[in-house]
Amino acid sequence: MVGSELDAQERRGDAIDTKAGLVLGFSGVLAGVQMHGVNDGHLAAVSLDGVSAVIALLALLLRPFPGLAPRRIRSYAPWSDDQVKLQLMDTRIEIFETTRRKLNQKTHLLLASSISLLAAVVATVVASALG
């Protein structure tokens, strides 16, 4: 049960990374579009776009997937099978909880990056219309 939940978390993390990569890519494209005309509106848009890119990069850099430490597992050798099973289950639950917290952080970073990118797009459109 815990193993399948850990697998689901890994898939969720991969999906968040994919989306953060897309936001980062769109930020780069938008930065290129903004370089054609420079006025105060474009400077605001470039700033928002930069914020979006930095936050997306932070989401990508946050790696939430800890693993079992083989040396630590080796220390379980003198234990009974039941003790080892219980310890491994406790360790996997701890890994699950740690990963859940970090995935929530990644999700919040992705949301903030997406909102900043949307604001940059709006600012770009307004700056182009005015400029």
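Just above sits the structure.
Bear in mind the structure is a predicted one, so any value in this text is a computation, not a measurement.

1. Looking at the nonpolar core
Membership of the largest hydrophobic core is limited to ten residues, which are Ile 16, Ala 20, Val 23, Leu 30, Ala 56, Ala 59, Leu 103, Leu 110, Leu 117 and Ala 120. For this core, the secondary-structure elements that each account for two or more residues are α1 (2-34), α2 (40-61) and α4 (81-130). Those residues in contact with Leu 117, other than ones at most four positions away along the chain, are Val 23, Phe 26, Ser 27, Leu 30, Asp 49 and Ser 52.

2. Digging into the pattern of salt bridges
On inspection of all chains with the given rule, the structure shows two salt bridges. Measuring nitrogen to oxygen at the nearest pair gives 2.5 Å for the salt bridge that ties Lys 106 to Asp 17. Here Lys 106 is found in helix α4, whereas its partner Asp 17 is found in helix α1, with 89 residues between them in sequence. Owing to a relative accessible area of 13%, Asp 17 belongs among the buried residues under this scheme. Between Glu 97 and Arg 100 there is a salt bridge, with the nearest N and O atoms lying 2.4 Å from each other. On the criterion of helical spacing, the pair formed by Glu 97 and Arg 100 is a turn pair, its members being three residues apart in helix α4. Of the residues examined, Glu 97 reaches a relative accessible area of 27% and is grouped as partly exposed.

Calculation notes
Here the residue index of a chain counts from 1 through its sequence in written order. Residues qualify for local features only when their pLDDT is at least 70, as the model is predicted, and side-chain atom pairs are given and counted only at 80 or more; totals for whole chains, interfaces and linings, by contrast, use all residues. Derived side-chain values reflect all non-hydrogen atoms in the structure, with water molecules and hydrogen atoms excluded from consideration. What is meant by a nonpolar core is a set of buried Ala, Val, Leu, Ile, Met, Phe, Trp, Tyr and Cys residues, joined one to another through side-chain atoms within 4.5 Å. Burial classes: relative accessible area under 20% of the type maximum marks a residue as buried, over 50% as exposed, and values in between as partly exposed (1.4 Å probe, protein chains only). Secondary structure counts use DSSP, requiring at least four H or I residues in a row for a helix and at least two E residues in a row for a strand, with both numbered from the N terminus. The contact criterion used throughout is that any non-hydrogen atoms of two residues lie within 4.5 Å. Between Lys or Arg on one side and Asp or Glu on the other, a salt bridge is scored when a side-chain nitrogen of the former is within 4 Å of a carboxyl oxygen of the latter.

Note that every value here comes from positions in space, so none of it alone points to a role or purpose.
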